[in-house]
Every structure is written in C-alpha cells, then in structure tokens.
Amino acid sequence: LRDASGPEPAWVRAQRKTFTNWLNSVLIDNGSEIRIQNIDSDLGNGKIFEEILVCLAKIQRPKSNAKTGRVHEMDHLAQLFEKMRQLNMKVDDVSPEDVLDGRSKLILGLVWKFVQRFQFQGSSVEEESAAGGAKAAGDEGVEDAPPPAPALSLAEARNALLQWVQGRLEPFPEFEVNNFKDSWRDGTAFLALIYSFNPDLVDLAALDKTAAADNLKRAFDMAEEHWGVYRLLEVEDMLTSPDDKCVMTYVGMLQKKLRPNEEAIARAAAAREAAAAEAQRKKEEEAKLKEEEEAARIKAERRKAENIEEAQEAEAEADEALQSSNYDDAIAGFTLAAVCWSKVPDKEMEQRCATKADAAANAQRVATNLKQGAELLSSAAVLDAAEKWTEAAAQYTAAADVLRDGEDAEEWQKAERVKAEEAAAACLTKHAQRVETLKAAADSMAEGNKQMEARQYQAGEGAYEEAEILFAKGKDDAGIAEAMELKTKARELRQKQEAALEKANKHLEQGKALDIPVSFAEASKEYTLAQEAFVEGEDEAMAKECGELAAKAQASFERREELLKEGGQLMIKGEEQLDTKAYKEAELTFVKALDVYTQAVDESAMELAAAGIADAKERQTWAERQMVITLTAINCKNLPAIDLVSGLADPYAKIKAPWDKSVKEKSPVVKQNLNPEFPPHEMKFRIKYGMREKSALKGAIWDWDRVGRNEVIGEFDIPLMGVTGERPGTFTGEKSYTLTNKTSQGTVRMRWHCTPL
C-alpha cells in the first residue's frame with residue numbers, strides 16, 4: 001500500500017524508478033536471476049529482500065522457512081533487519097511491517113540507506129560485510145573482527161562525491177557543479193565528466209546547454225556503452241525536477257565504474273601531451289632551420305641583386321659616357337661592370353662588358369682621327385641646313401677624302417665615306433621629300449575633318465596635330481596656323497565630350513552602388529542623370545542602357561513599397577490575433593509577414609516579424625501549461641447566527657471547480673463560532689493557464705449539521721485572474737471576500753499559492 005496523504009510528490013516517482021533500477025543493477029552484477037518490478041510490493045517478499053542483502057553485503061542466508069503467512073513473513077523480515085543492524089545500518093525509522101505493507105516513502109528511505117552504505121562506502125564495505133556475515137554465522141576464526149563502519153551520512157556522501165566531481169571538472173571552469181540538482185539538469189556536466197575520462201568521446205566546444213534532452217540521452221548512452229553504467233535516471237525527470245538522491249546514486253555508480261580507469265587515463269593523457277610536445281619541438285626546429293636557410297638565401301639574393309644593380313648602373317653610365325665621347329669614364333665604367341658581373345657570376349655579361357671596354361679604348365684612339373673629318377662634316381651640315389644642297393654634297397665628299405688618311409682606315413673609312421655620299425644624295429632628294437610631306441599634311445587635314453564630322457573629336461585632334469607636324473617639317477607657315485586652329489577646336493570639343501562621359505559614368509557607378517532594395521529610388525535617379533549625361537556626351541547606346549536601368553530600378557522600388565505595405569498589414573493583423581488569444585493564427589500571420597519582409601529585404605522588419613512568431617509560440621505554450629492553485633481558508637468575520645438555540649454556527653469552507661464538477665474541496669469545521677479561525681488545510685485545484693481569464697473558483701461557507709442538513713451561510717467567487725500573473729510563475733497572496741446571502745452579512749479571508757507544472 002502506498003502512503004495515502006494526497007497526490008504523490010514528483011520526488012517519490014523519480015526515486016522509485018531510480019532505486020528500482022539500482023537494485024536491479026545490483027542483482028544483475030551479482031548474477032541473480034531475480035528482478036524487481038514493483039519496489040513497493042516486491043521488497044515485502046522476504047526472499048527478494050534476502051537476495052538483495054546477499055548480493056550487497058555477502059551475508060549468509062538465514063535458515064529457510066517454508067511456512068507462509070503474514071506472521072512468518074514478518075519474522076523473516078525481522079531476521080533480515082537484524083542482519084542490517086549487524087552491518088551498522090540505522091534502520092530504527094522503518095520496520096518490517098512498513099516493508100510488508102508497502103509504505104512507499106519508508107521503503108525508498110530504506111533503499112537509500114543501502115545506497116549510502118554500499119554505493120558510497122567503496123569495496124571496504126563488502127569486506128566488512130563479509131566479515132560480519134561470517135561472524136554472524138558462528139565462524140570462530142573471525143570472532144575478533146571489528147564491527148563494520150557506519151554508513152556515510154547524506155552530507156558526508158554528498159560532499160565526498162561533489163569533491164570528486166569538482167576535482168575531475170577543475171580543468172573546465174565553464175562546467176560548474178555546486179549541487180546534485182540543477183547543476184546536472186542540462187546534461188553538460190555528465191558529458192564533461194565523461195570527457196575527463198575519454199576526450200575522444202565528447203567535443204566540449206560544440207556542447208549546447210539549450211539541448212538538454214539530447215545532452216542527457218547522449219551522456220547516458222555513452223556511459224552505458226563504454227563503461228557498463230546502468231541507466232538509472234529518466235531524461236524527463238531530469239528536465240522537470242532533478243532529485244538530488246537520484247542524481248547522487250547515478251553519479252556514484254559513474255564514480256565506481258570510472259575510478260579504476262583514472263590512472264590509465266592519466267598515463268594516456270601524459271603520453272599524448274609528451275608526444276604533442278615532442279612534435280611541437282620538432283616543428284619549431286624545422287621552422288628555425290627553414291628560417292635560417294631562408295635568411296641565407298635572402299642574403300645571397302640580396303648580395304647578388306646588389307652586384308647586378310651596381311653592374312647595370314656602371315654599364316649604363318659607361319654607355320652614356322661613350323655616347324658623350326667621354327672615353328676615360330666609359331673604359332672605367334665597363335671595367336667595373338665586368339668585375340661586378342664576375343661576382344654574380346654571369347660569364348656572358350662579364351664578357352660583354354669587357355668587350356665594351358676594349359671597344360671604348362679603340363674608339364678613344366680613333367676619335368682623334370675622326371675629329372678633322374667631323375669638322376668637315378659639320379660645315380657640310382650647315383650648308384645642308386641652309387638648303388644649299390649642292391655645296392653641302394661637295395663638302396661631304398671632301399670630308400670623306402680627309403678621313404681616308406686616318407689611323408685604322410681599313411676599319412672605319414668605308415662607313416664614313418658611305419655616310420658622306422648618302423648625305424649628298426639626301427640633299428638632292430630633300431626637295432622632293434618636302435613636296436611629299438606637304439601632300440601628307442593635306443591628307444591629314446582631310447582625315448581630321450572626316451573624324452570631326454563623325455564626332456570622333458579625339459581622332460580629329462590627333463589628325464590635325466599630325467598635319468601640324470608635317471606642315472612644320474615642310475616649312476609651310478600658313479598650313480601650320482590652320483592645323484593649330486582646328487586642333488584647338490577639336491580639343492575643346494573632346495574635353496567637353498569627355499567631361500560629359502565622365503559625369504555619366506560617375507552617375508552610372510553611383511546608380512549601380514545604390515541598386516539594392518533599400519535605395520532603389522535613389523538608384524533610379526542616378527541612372528536617369530547618367531542617361532542625360534550620356535546623351536550630352538553623344539553616346540546613344542549607353543544612354544539607352546541607363547534608361548532601361550532607371551526603369552528597372554523604379555519598378556523594383558515600387559514593388560518593394562507594395563511588399564512593405566503588405567507586411568505592415570500582416571503585422572497589424574497578427575497583433576490583433578494575439579489580442580484575441582488566437583495564438584496559432586497569429587503565428588501563421590507573422591510567418592507570412594516574415595516571408596514578405598524577406599522578399600523586400602528589410603532586416604529590421606524581418607526581426608520584428610521573427611519576434612512576433614516567437615511571442616505567439618511562447619503565448620501558446622503558456623496557454624497549454626497547467627498550474628496548481630492551493631487555497632487555504634484563514635478565517636471568517638461577522639457570520640450570521642444559524643443555530644437559533646445557541647445563536648452561533650458551525651462553519652466550514654467548501655470550494656468547487658466549475659470546469660470539473662468532480663473536484664470539490666472543503667476545510668475542517670469550526671464549531672460554535674461566528675468569527676472562526678480555520679485550522680491549516682490545503683485545497684488544491686489544477687487548471688490550464690489559458691483558462692484563467694474566463695474561470696473563477698466557486699466558494700461557499702456552510703453550516704454543519706449533525707443530522708446532515710447542512711445549510712449555506714454565504715457564497716463567494718475567486719476570479720483566477722486575481723491570483724495569477726501575466727506569465728506562468730509562482731504567486732502567493734491572500735484576500736477577504738464578502739459573502740453573498742440573503743442578509744449580505746459576513747466575510748471570509750482566503751490564502752492562495754499558485755505553482756506552474
């Protein structure tokens with residue numbers, strides 16, 4: 001029989017499941033075929049009780065008694081209780097009769113004593129129990145064996161187990177465990193404890209404390225699969241209200257199963273750390289070696305680059321000196337460049353610079369011989385410039401004759417003579433060339449005019465500039481002036497066109513930058529300005545493209561405005577549905593609004609719609625959640641006299657729940673009193689939170705009559721909106737209510753306590 005003191009507490013249901021699983025795990029571990037199905041009734045069977053003590057304490061079985069009946073069962077249980085006292089277990093607060101009668105809370109307390117004694121006290125308990133059992137059996141060899149140590153108290157067991165857990169989780173401060181209730185609710189503490197023994201099983205960084213159910217199931221599965229830890233706890237019990245004794249029992253079994261692996265796990269962790277350190281050391285050494293090799297390579301490359309740069313500079317300066325006929329500097333520069341190339345090394349470049357040095361020395365020697373010839377050539381050039389081409393040709397021929405007498409004539413004479421002869425021939429053809437040049441200038445002017453007609457101002461400007469150059473070459477001053485004037489006009493038109501196109505491109509770029517949902521209107525304006533600028537810049541194709549872009553952006557702007565308007569209407573509708581408690585319809589409306597705002601790409605509006613969805617879901621959850629209202633009648637004042645003889649009344653309070661006519665509660669009767677103070681008595685009612693606005697508890701004060709003719713003294717209502725909050729929570733208060741009756745006389749004061757389930 002279970003205790004009949006009202007609704008069964010949640011901790012009793014949780015402990016019954018956990019302790020049943022624990023006892024069955026003891027039976028399984030000890031090879032027993034017995035299983036407990038109902039802990040309240042099965043322990044009343046002396047044989048099952050005896051099997052548990054044999055498995056836990058290794059006691060010697062009492063002499064079997066085949067007789068049945070309550071007296072014999074009580075005697076069997078009494079023998080087992082005596083065995084427990086010999087094991088130094090305190091069982092004075094529970095009796096064999098309690099076990100035989102199936103009193104739940106006392107039986108659970110007895111099983112907890114088993115857990116304290118045999119789960120939290122370690123292997124020494126089994127040794128002590130074995131010794132105690134042998135002594136009880138009359139073994140003379142163990143008469144002096146010390147009595148078993150007393151079982152750990154609840155506080156001692158809790159502190160010892162909590163210290164072990166905190167020690168294991170010390171490296172992980174984000175998983176703080178201070179108790180055996182809420183600290184374990186989300187399952188992460190179980191997973192962190194498993195990680196401390198096998199890091200390969202759990203990724204701590206990926207744990208989500210909001211996924212409590214998944215975390216708990218995963219932890220229980222891992223513990224059972226890898227270490228054979230029995231599943232003593234239920235996920236649902238952990239999520240609603242974890243019981244500390246249940247959690248301690250499971251964690252104690254984890255400790256018992258995992259502690260033998262601690263040393264091996266520590267060695268494996270140390271080995272992993274050592275391997276990681278060695279790998280890191282090798283990695284650092286390799287990095288350092290690579291760094292040194294890279295530094296040496298960079299240094300060599302830098303030295304090589306410096307030599308190349310010095311060689312190139314020296315060769316360039318020498319080339320420049322040679323061009324300036326500064327032969328001494330040229331010889332020195334080529335020689336230095338050859339030395340630098342030898343350090344690179346680059347044999348080909350070294351040889352080239354050495355050859356240049358020799359050539360510079362030879363040039364220096366020949367220069368003297370060329371000087372006289374150069375003077376003649378210079379005078380010929382003057383004549384050539386004065387367009388005295390016949391005289392210039394004669395002078396060039398004289399220069400060739402002089403140069404024949406120079407040193408190394410065989411090497412350079414032919415080249416200089418040919419040069420002089422060619423210069424003479426050039427003088428004769430220059431007139432013809434001038435005619436051709438002026439004709440080409442006229443052609444360039446015609447090309448410029450053609451490009452201007454085609455609005456290709458830059459090409460026209462280039463053609464006029466080319467004509468100007470040709471006219472200058474042909475020494476036609478009038479042609480030069482005309483070409484310059486047309487070139488200036490073409491430049492002005494080109495600059496105007498370029499300015500218009502630059503402006504158009506800026507507006508086009510700005511339009512593309514603004515061509516996003518939040519600025520479609522501004523983008524349309526920029527595209528229109530770009531279209532106008534392209535028209536001004538005479539680019540019809542781009543003007544057409546910008547016009548199309550402007551129209552598209554304007555259409556997108558108008559469509560987005562329509563979507564935002566539609567989304568706003570849906571948001572208003574959703575709020576109205578929330579006000580009318582149509583939470584599911586409101587959620588669907590907010591979902592539609594979110595879809596519309598997503599199409600419009602309005603993030604702030606999307607956040608408002610998402611908040612509306614969450615609000616609707618939360619309110620719907622509140623409406624379905626149940627709560628328990630506990631009422632206590634405190635007193636009544638100024639009740640009318642019902643008993644005409646005594647002038648008094650025998651009042652008691654009676655409360656009904658209109659939503660469930662079968663639920664009625666009443667207080668004890670206070671006799672012969674018109675201002676009664678009622679003794680404490682709780683009257684409990686259960687209701688969904690969403691029903692509170694339209695519901696009220698119906699109360700009445702009755703007068704008790706010995707012959708059963710009870711009479712209503714007065715009635716009152718307790719509106720539920722007055723005793724609950726806006727959201728599910730715990731609320732406590734009290735209030736006086738006026739009794740309604742024929743005389744409207746009297747009040748009753750009630751205390752309430754609301755608790756969500």
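As the structure is a computational prediction, the values presented were derived from the model and not from experiment. (Residues numbered from 1 in each chain as written. Predicted model: local features only at pLDDT ≥ 70, side-chain atom pairs only at ≥ 80, totals over all residues. Heavy atoms only, no water.)

Peer 1: What exactly am I supposed to notice about the overall build of the protein chain here?
Peer 2: Helix and strand content of the protein chain: 23 helices and 8 strands. A total of 757 residues make up the protein chain; the buried ones form 38% of that total. Taking contacts inside the protein chain between residues at least 6 apart in sequence as the whole, the part at least 24 apart equals 62%. Entry remark: accessible area of the protein chain is about 43000 Å², with carbon and sulfur atoms responsible for 51%. (Helix = DSSP H or I, 4+ residues; strand = E, 2+ residues; numbered from the N terminus. Buried < 20%, exposed > 50% of the residue type's maximum accessible area, 1.4 Å probe, protein only. Contact = heavy atoms within 4.5 Å. Areas by Shrake-Rupley, 256 points an atom, 1.4 Å probe, with all protein chains shown as cover.)

Peer 1: For this particular structure, what's the right way to read helix H6 (residues 104-118)?
Peer 2: An α-helix turns once every 3.6 residues. As a result, residues three or four positions apart point the same way. Compared with an ideal rise of 1.5 Å per residue, which puts 15 residues at 21 Å, H6 spans 21 Å between its outermost C-alpha atoms and is within 8% of the ideal. Summarising burial for H6: 12 of the 15 residues are buried, a large majority. Among all positions in H6, only Ser 104, Ile 107, Leu 108, Leu 110, Val 111, Trp 112, Lys 113, Phe 114, Val 115, Gln 116, Arg 117 and Phe 118 are buried. (Expected span 1.5 Å × (residues − 1).)

Peer 1: I would appreciate a short explanation of the side chain of Arg 494 in the present structure.
Peer 2: The residue Arg 494 is located in helix H19 (residues 477-514) in this model. Taking the relative accessible area as the measure of exposure, Arg 494 reaches 15% and is therefore buried.

Peer 1: For this particular structure, what's the right way to read the sheet that holds strand S3 (residues 660-666)?
Peer 2: Sheets are built from strands paired through backbone hydrogen bonds, the pairs being either parallel or antiparallel. In spatial order, the strands read S3-S2-S5-S6; together these 4 strands make up an open sheet with antiparallel pairing. The strands lining the two open edges of the sheet, one partner per strand, are S3 and strand S6 (711-719). Taken pair by pair, the neighbouring strands of this sheet meet at an average axis angle of 25 degrees, ignoring direction. In terms of strand pairing, strand S2 (residues 651-657) meets strand S5 (residues 696-703) through 6 bridges, oriented antiparallel. Directly across from Pro 651, in S5, lies its bridge partner Asp 703. (Pairing = 2+ DSSP bridges. Axes fitted to C-alpha atoms, helices over the stretch in contact; angles between N-to-C directions.)

Peer 1: Even after reading the chapter, I still don't get the pairing of strand S8 (residues 747-756), so can you show me in this structure?
Peer 2: Along any regular strand the residues' side chains alternate between the sheet's two faces. Across the two faces of S8 the burial differs, with Val 748, Met 750, Trp 752, Cys 754 and Pro 756 buried and Thr 747, Arg 749, Arg 751, His 753 and Thr 755 not buried at all. Across 10 bridges, strand S1 (residues 626-637) lies against S8 in antiparallel orientation. Of the residues in S8, the one forming a bridge with Cys 636 is Val 748. The pairing of strand S7 (residues 731-738) with S8 spans 8 bridges and is antiparallel. Bridging across to S8, Thr 738 finds its partner in Thr 747.

Peer 1: Sorry, what's going on with the packing of helix H21 (residues 540-579) against helix H22 (residues 583-600) here?
Peer 2: The packing of two helices is summarised by the inter-axis angle and the distance between the axes. At their nearest, the axes of H21 and H22 sit 8 Å apart, and the two run at 165 degrees to each other. Judged on the interaxial angle alone, H22 and H21 are roughly antiparallel. For H21 against H22, the interelement crossing comes out left-handed. The residue makeup of the contact of H21 with H22, split by class, is 12 nonpolar, 6 polar and 7 charged. (Parallel < 35°, antiparallel > 145°, perpendicular 65-115°, else oblique. Left-handed = near helix turned anticlockwise from the far one by under 90°. Nonpolar A, V, L, I, M, F, W, Y, C, P; charged D, E, K, R; others polar.)

Peer 1: Help me out: how do you make sense of empty space enclosed by the protein in this one?
Peer 2: One way to see where empty space is left: roll a probe the size of a water molecule over the atoms. By the definition in use, this model includes 3 cavities of 30 Å³ or more. Considering only enclosed or pocket space, the largest cavity measures out at about 60 Å³ in volume. Those elements giving two or more residues to the lining of the largest cavity turn out to be helix H1 (10-29), helix H11 (235-240) and helix H12 (244-258). When grouped by side-chain class, the residues that make up the lining of the largest cavity number 6 nonpolar, 2 polar and 3 charged. (1 Å grid on protein atoms, 1.4 Å probe; cavity = no way out; pocket = protein on both sides within 12 Å on 5 of 7 lines; lining within 4 Å. Points joined across faces, edges and corners; volume = space filled by probe spheres on them.)

Peer 1: Would you explain the layout of surface pockets in this entry?
Peer 2: Considering only enclosed or pocket space, the largest pocket measures out at about 840 Å³ in volume. Of all the secondary structure elements, the ones that give two or more residues to the lining of the largest pocket are H1, H11, S1, strand S4 (683-688) and S8. At 5 residues, the largest contribution of residues to the lining of the largest pocket is made by H1. Here the lining of the largest pocket is composed, by residue class, of 9 nonpolar, 7 polar and 10 charged.

Peer 1: How should the nonpolar core be read in this particular structure?
Peer 2: Core analysis: the largest hydrophobic core is formed by 79 residues, its most contacted members being Trp 22, Leu 43, Phe 49, Phe 114, Trp 184 and Phe 190. Residues in contact with Leu 43, not counting those within four places in the same chain, are Ile 36, Ile 48, Phe 49, Ile 52, Leu 77, Val 99, Ile 107 and Val 111. Met 627, Tyr 689, Leu 720 and Met 750 belong to the second largest nonpolar core, which has 31 residues in total. (Core = buried A, V, L, I, M, F, W, Y, C linked by side-chain atoms within 4.5 Å.)

Peer 1: What is the right way to look at a negative patch on the surface in this model?
Peer 2: Together, Glu 306, Glu 309, Glu 310, Glu 313, Glu 317 and Glu 320 line one region of the surface with negative charge. Structurally, the position occupied by Glu 320 is in helix H13 (residues 262-323). (Patch = residues over 30% accessible without salt bridge, like charges linked within 9 Å, V, L, I, M, F, W, Y side chains within 5 Å. Salt bridge = Lys/Arg side-chain N within 4 Å of Asp/Glu carboxyl O. Lys, Arg positive; Asp, Glu negative; His and termini not counted. Charge placed at Lys NZ, Arg CZ, Asp CG, Glu CD.)

Any functional reading would require information that these geometric values do not contain.
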